[in-house]
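# Summary of structural features
In case you want the letters, here they are:
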Amino acid sequence: VHMPSFDVISKVNQQELTNAISNCNREISTRFDFKGLHIVIEANQKENTITVVAPDDLKLKQVNDLLKGHLVKRKIDPRIFDIQTAVEASGSSKRQIIKIKEGISQEAAKKIIAEIKKTKIKVQVKIQGDELRADGKKKDDLQEVMQFIKSIDIGQPVEFTNFRD
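Scope of this entry: the structure provided in the associated data block. (Residues numbered from 1 in each chain as written. Predicted model: local features only at pLDDT ≥ 70, side-chain atom pairs only at ≥ 80, totals over all residues. Heavy atoms only, no water.)

### Overview of the overall build of the protein chain
So the rule is basically this: The secondary structure listing takes helices from DSSP runs of H or I that are at least 4 residues long and strands from runs of E that are at least 2 residues long, numbered from the N terminus. Here the globule rule is a power law, 2.2 Å times the number of residues to the power 0.38, and the radius of gyration is based on C-alpha atoms. We call a residue buried when its accessible area falls under 20% of the maximum for its residue type, exposed when it is over 50%, and partly exposed in between, using a 1.4 Å probe and counting protein chains only. The criterion used for residue contact is that any of the two residues' heavy atoms lie within 4.5 Å.
The helix and strand tally for the protein chain stands at 4 helices and 9 strands. Mapped from its N terminus to its C terminus, the protein chain presents α and β elements in the order β-α-β-β-α-β-β-β-α-β-β-α-β. Radius of gyration (C-alpha) of the protein chain: 20 Å, far over the 15 Å computed for a compact globule of 165 residues. Counting only C-alpha atoms, the protein chain reaches 65 × 25 × 25 Å along its principal axes. Across the 165 residues that make up the protein chain, the buried fraction comes to 39%. Across the protein chain, the fraction of contacts at a sequence separation of at least 24, relative to all contacts at a separation of at least 6, is 62%.

Okay, here's the thing in structure tokens:
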């Protein structure tokens with residue numbers, strides 16, 4: 001006999017991320033305030049990072065804000081970005097690495113589990129690699145827990161899959 005259950009995951013739609021980056025690059029190439037400037041946005045899917053190169057900190061910030069705007073248009077939560085400190089790059093420009101947060105870390109998983117325990121909702125939550133599995137006897141309890149999980153800030157988006165009742 002199996003109990004109703006669901007998984008909590010944090011995944012990034014790579015195709016939509018790629019689209020957001022190309023749209024952002026396209027916008028930069030047409031913008032007057034970026035004309036003639038060396039600005040690069042490159043994704044590295046193997047490393048799960050994005051590299052942004054711009055002439056200075058101000059332009060880096062503008063490019064990052066633009067990029068976040070393009071993420072939102074593609075229904076990607078900008079909290080997937082873990083923006084690293086900018087470093088000097090060649091030709092007096094600045095380089096910044098943006099790590100893409102995917103999967104739920106052990107630390108975040110433990111926080112979610114601890115918060116759920118406090119609610120006294122009758123569900124079991126187990127860590128399975130970089131995702132969580134929640135199960136309980138009642139579907140209503142699971143739905144209540146889903147709402148509750150959405151309210152816990154682990155600094156990145158989560159979604160629910162494999163709902164079984």
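### Side note on helix H2 (residues 57–73)
Our working rule: An expected span of 1.5 Å times one less than the residue number is assigned to each helix. By definition, the arc is the one covered by directions from the helix axis to the C-beta atoms. Whenever a nitrogen or oxygen atom comes within 3.5 Å of another N or O atom, the pair is scored as a polar contact, on the condition that within protein one atom can donate a hydrogen and the other can accept it, and that pairs from neighbouring residues in sequence are kept only if both atoms are in side chains.
Taking 1.5 Å of rise per residue, the 17 residues of H2 would be expected to cover 24 Å, and the 24 Å separating its terminal C-alpha atoms lies within 8% of that figure. Along H2, the residues classified as buried are Lys59, Leu60, Val63, Asn64, Leu66, Leu67, His70 and Leu71. Seen from one end, H2 has its buried residues packed into an arc of 160°, which puts them on one side. Facing away from the buried side of H2 by over 90 degrees, the exposed positions are Leu58, Val72 and Lys73. The secondary structure elements touched by the buried residues of H2 are helix H1 (14–30), strand E2 (40–44), strand E3 (49–54), strand E4 (81–83) and strand E6 (93–100). Where H2 begins, the side chain of Asp56 points an oxygen toward the backbone nitrogen of Leu58, at a separation of 3.1 Å. Positive phi appears at Lys75, one or two residues downstream of H2, with a value of about 60°.

### Side note on the sheet that holds strand E1 (residues 5–9)
Rules: Being paired, for any two strands, means DSSP has found at least two bridges between them. For helices, the fitted axis covers only the stretch in contact; all axes are lines through C-alpha atoms, and the angles between them, taken along N-to-C directions, range from 0 to 180 degrees.
The 4 strands lie next to each other as E7-E8-E1-E9, forming an open sheet whose pairing is antiparallel. A single partner strand is all that each edge strand has here, and the edge strands are strand E7 (123–128) and strand E9 (159–164). Taking each pair of neighbouring strands and ignoring which way they run, the sheet shows an average axis angle of 20°. Direction of pairing for E1 relative to strand E8 (residues 131–136): antiparallel, over a ladder of 4 bridges. Each residue of the ladder has a partner; that of Asp7, found in E8, is Arg133. Strand contacts of helix H3 (residues 106–119): E7 and E8, with the helix running at about 175° to E7, the strand carrying the most contacts.

### Here we look at the nonpolar core
This is how it is decided: Buried Ala, Val, Leu, Ile, Met, Phe, Trp, Tyr and Cys residues that are joined via side-chain atoms within 4.5 Å together make up what is termed a nonpolar core.
Counting residues in hydrophobic clusters, the biggest one holds 22 residues, and the most contacted among them are Leu17, Ile28, Ile41, Ile50, Leu67 and Ile80. Secondary structure elements with two or more residues in this core: H1, E3, H2 and E6. Sequence-distant contacts of Ile28, defined by excluding residues within four places in its chain, comprise Phe34, Ile39, Ile41, Val63 and Leu66. One finds Val8, Ala108, Leu132 and Leu142 within the second-largest nonpolar core, a separate group that totals 19 residues.

### Quick notes on the pairing of E3
Burial analysis of E3 places 6 of its 6 residues in the buried class, the great majority of the element. Burial along E3 is two-sided: Thr49, Thr51 and Val53 and Ile50, Val52 and Ala54, pointing in opposite directions, are all buried. Pairing analysis gives 5 bridges linking E2 to E3, with the strands arranged antiparallel. Directly across from Ala43, in E3, lies its bridge partner Ile50. Where E2 folds back on E3, the antiparallel hairpin that results is connected by 4 residues, among which Asn48 adopts a positive phi of roughly 60°.

### With respect to the packing of H3 against helix H4 (residues 139–151)
What counts is decided by this rule: For classification purposes, an angle smaller than 35 degrees is called roughly parallel, one larger than 145 roughly antiparallel, one from 65 to 115 roughly perpendicular, and anything else oblique. Crossing handedness: left-handed means the near helix sits turned counterclockwise from the far one by under a right angle, and right-handed means the same turn made clockwise. Following the grouping adopted for this structure description, the nonpolar residues are Ala, Val, Leu, Ile, Met, Phe, Trp, Tyr, Cys and Pro, the charged ones are Asp, Glu, Lys and Arg, and the polar ones are all others, Gly among them.
H4 packs onto H3 with a crossing angle of 130° between their chain directions and a minimal axis gap of 11 Å. On the basis of the axis angle, H3 is oblique to H4. When you trace H3 past H4, the crossing you get is right-handed. The segment H3 lies against H4, with Ile112, Glu115, Ile116 and Thr119 engaging Val145, Phe148 and Ile149. Of the residues that constitute the contact of H3 with H4, the class distribution is 5 nonpolar, 1 polar and 1 charged.

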